[in-house]
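Secondary and tertiary structure notes
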Amino acid sequence: MKKKLLNILFWSVISAAFIGPGTITTASLAGASHGVSLLWALLFSTLACMVLQEGAARITIASGLTIGEAVTLTFGNQPWMKWLLGGAVIFGCAAYEAGNIVGAISGAGLLLPLPPWVFTLAITGIAAVLLWGGSASSIAKSVGMLVAVMGVAFLYTSFFINESLLAITKGLFIPQIPADDILLVIGLVGTTIVPYNLFLGSGLGKGQQLGEMRLGLIIAIGLGGIVSMAVLLSGTLASLPFSFEGMATVLEKAVGLPGKYLFAVGLFAAGFTSTITAPLASAITAQSIWGKGEKNWEAAGINYRLVWGGILVVGLVFGLLGLRPVPVILLAQAINGVLLPVAATGLLLVLNNTRLMVNHINGPFSNVAGLLIVGVTLFLGIHQVARAIFMAIGYQGSFDSLYFATISLLALLPLIWLGIRIFRR
């Protein structure tokens, strides 16, 4: 029993990594704007996160390789594939970092009446020192306990909502996509299935047993999904227009004055830990894909530090611009939701490489689940991008983004399936 508990705690870093300012913002906003009707997006993304993270960890357990090394072995030393996969993840990290800094500033601002630029310089400066010294991971885990406490407060608050059990059940199992708010749906998916977490999960899988890994992942990610849903349910108590101040008031009414400070401290802690983990994950991703065995790509190497430093600068710039936090954070999650199909497709093809996976190759269930994940995320992403393009050019025809996304999906999924068949030969 003790061993199983330790294993769950070991894998809880994955769920802790996706419960950041993005989850708090998108889930709360979804509840405030649409009630419980978007719970299905969190249920889908939680289950999809389990599938993809299990696959990422299984690659390392089966082959002893990181995802970057596995991609190189699967596709050969093809620069375009490395840049496609690595670029998608690192660009996503940059988008997350903008939201992380803004989220941390917002949490700190609820506690202390100081100018945002002061918090921005302090947060990025401390993060840079920790990343340079190599102690970032341990600090992030320690501060992450504050996020867990905030999660408990959200769970408690969710019991005070006015929604019926029937409405919650419908919201969980009957998908609804608001025509004017698909960006929020993509954000809910993108904030739960974090592409850079695939590289983190791959690294954690080293030396693990397959059964222990699966049990730990399912429970840890499941708990993270429950907290995300509790945030959405708590958001139904908030009024529009949505704001962090409004959510702090919601928790204050539910658990008393400590609720307000739990939210503020938790939001700051979520943003601060993610401010560290996003640059770190981008450097690990780049190292995995481009820097095997090269000194410049070691933790103290110039290339490694340039990558995490560049991501940190992105966050610094967005923090100093003084932009409204909620739109920035929502956009960051949506960008990752659009980029997610690229990472998921690459992972799916690697998992069907018979030379690499041998006895741990994807089975029929895993392939169907993987194609479903790629299909849903592709549909949402294409739908949103096409809708934005049609609006930009003033297109008024009947061939709207919904039809375009459907036709594109029907064309792309057979190509992905063909790729799976080729790698399984």
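Rules behind the numbers
- Residues numbered from 1 in each chain as written.
- Predicted model: local features only at pLDDT ≥ 70, side-chain atom pairs only at ≥ 80, totals over all residues.
- Heavy atoms only, no water.
- Helix = DSSP H or I, 4+ residues; strand = E, 2+ residues; numbered from the N terminus.
- Rg over C-alpha atoms; globule rule 2.2 N^0.38 Å.
- Buried < 20%, exposed > 50% of the residue type's maximum accessible area, 1.4 Å probe, protein only.
- Contact = heavy atoms within 4.5 Å.
- Areas by Shrake-Rupley, 256 points an atom, 1.4 Å probe, with all protein chains shown as cover.
- Lys, Arg positive; Asp, Glu negative; His and termini not counted.
- Charge placed at Lys NZ, Arg CZ, Asp CG, Glu CD.
- pLDDT = per-residue confidence, 0-100.
- Phe/Tyr/Trp six-rings, centres within 6.5 Å; stacked < 30°, edge-to-face > 60°.
- Axes fitted to C-alpha atoms, helices over the stretch in contact; angles between N-to-C directions.
- Parallel < 35°, antiparallel > 145°, perpendicular 65-115°, else oblique.
- Left-handed = near helix turned anticlockwise from the far one by under 90°.
- Nonpolar A, V, L, I, M, F, W, Y, C, P; charged D, E, K, R; others polar.
- Salt bridge = Lys/Arg side-chain N within 4 Å of Asp/Glu carboxyl O.
- Expected span 1.5 Å × (residues − 1).
- Arc of directions from axis to C-beta.
- Patch = residues over 30% accessible without salt bridge, like charges linked within 9 Å, V, L, I, M, F, W, Y side chains within 5 Å.

Now for the overall build of the protein chain. When its secondary structure is counted, the protein chain shows 18 helices and zero strands. A compact globule built from 425 residues should have a C-alpha radius of gyration of about 22 Å, and the protein chain, at 21 Å, falls within 12% of that. Projected onto its principal axes, the C-alpha positions of the protein chain cover 60 × 55 × 55 Å. In the protein chain, buried positions account for 55% of the 425 residues. Taking the intrachain contacts of the protein chain between residues at least 6 apart in sequence as the baseline, contacts between residues at least 24 apart amount to 85%. Only carbon and sulfur atoms are counted for the fraction: they give 71% of the accessible area of the protein chain, which is about 18300 Å². Side-chain charges of the protein chain comprise 20 positive and 12 negative groups, with the mean position of each set lying 11 Å from the other.

Glancing now at the confidence of the model for the protein chain. Chain-level pLDDT for the protein chain is 84 on average; 91% of the residues reach the 70-or-more range. At the low end of the mean pLDDT range in the protein chain sits helix 1 (residues 2–18), at 61; at the high end sits helix 8 (residues 165–173), at 94.

Now for the packing of aromatic side chains. This structure, assessed with the given rule, holds eight aromatic pairs. Ring geometry for Phe154 and Phe263: centres 6.2 Å apart, planes at 80°, overall edge-to-face. Taken as a pair, Phe154 in helix 7 (residues 136–157) and Phe263 in helix 13 (residues 257–290) lie far apart in primary sequence, 109 residues in all. Given the relative accessible area of 0%, Phe154 is considered buried.

Across the interface, helix 4 (residues 67–75) lies against helix 15 (residues 325–350) with an axial gap of 10 Å and an inter-helix angle of 65°. Considering their axes alone, helix 4 and helix 15 lie roughly perpendicular with respect to each other. For the pair helix 4 and helix 15, the crossing hand works out as left-handed. Contact with helix 4, carried on its side by Ile67, Ala70, Val71, Thr74 and Phe75, involves Leu347, Leu349 and Val350 of helix 15 and no other residues of that element. Taken together, the residues of the contact of helix 4 with helix 15 sort by class into seven nonpolar, one polar and no charged.

Summed over the entire model, instances satisfying the criterion amount to two salt bridges. Two residues, Arg58 and Glu54, come together in a salt bridge whose shortest N-O distance is 2.8 Å. One end of the pair, Arg58, and the other, Glu54, are both in helix 3 (residues 39–63), four residues apart, so they sit about a helical turn from each other. Comparing Arg58 with Glu54 shows no difference in burial state: the two are buried. For Glu54, the salt bridge is made with Arg214, and the minimal N-O distance between the two is 2.9 Å. With Glu54 in helix 3 and Arg214 in helix 11 (residues 210–235), the pair connects residues that are 160 residues apart, well separated along the chain.

Let us now look at helix 6 (residues 116–133). Given a rise of 1.5 Å per residue, 18 residues ought to cover 26 Å, and the 26 Å separating the end C-alpha atoms of helix 6 matches this to within 8%. Those residues of helix 6 lying buried are Phe119, Thr120, Ile123, Thr124, Ala127, Leu130 and Leu131. Summarising the axial view, the buried residues of helix 6 lie within an arc of 125°, below the 170-degree limit, and thus occupy one face. Away from the buried face of helix 6 by more than 90 degrees, exposed residues Trp117, Val129, Trp132 and Gly133 are located.

This part is about a nonpolar patch on the surface. Together, Leu111, Leu112, Leu114, Leu257 and Tyr261 make up an exposed nonpolar region whose accessible area comes to about 450 Å². By the element assignment, Leu257 lies in helix 13.

Now for helix 10 (residues 195–204). Across the ten residues of helix 10, eight count as buried, placing the element largely inside the fold. Turning to helix 10, its buried residues number three or more, namely Pro195, Tyr196, Asn197, Leu198, Phe199, Gly201, Ser202 and Leu204.

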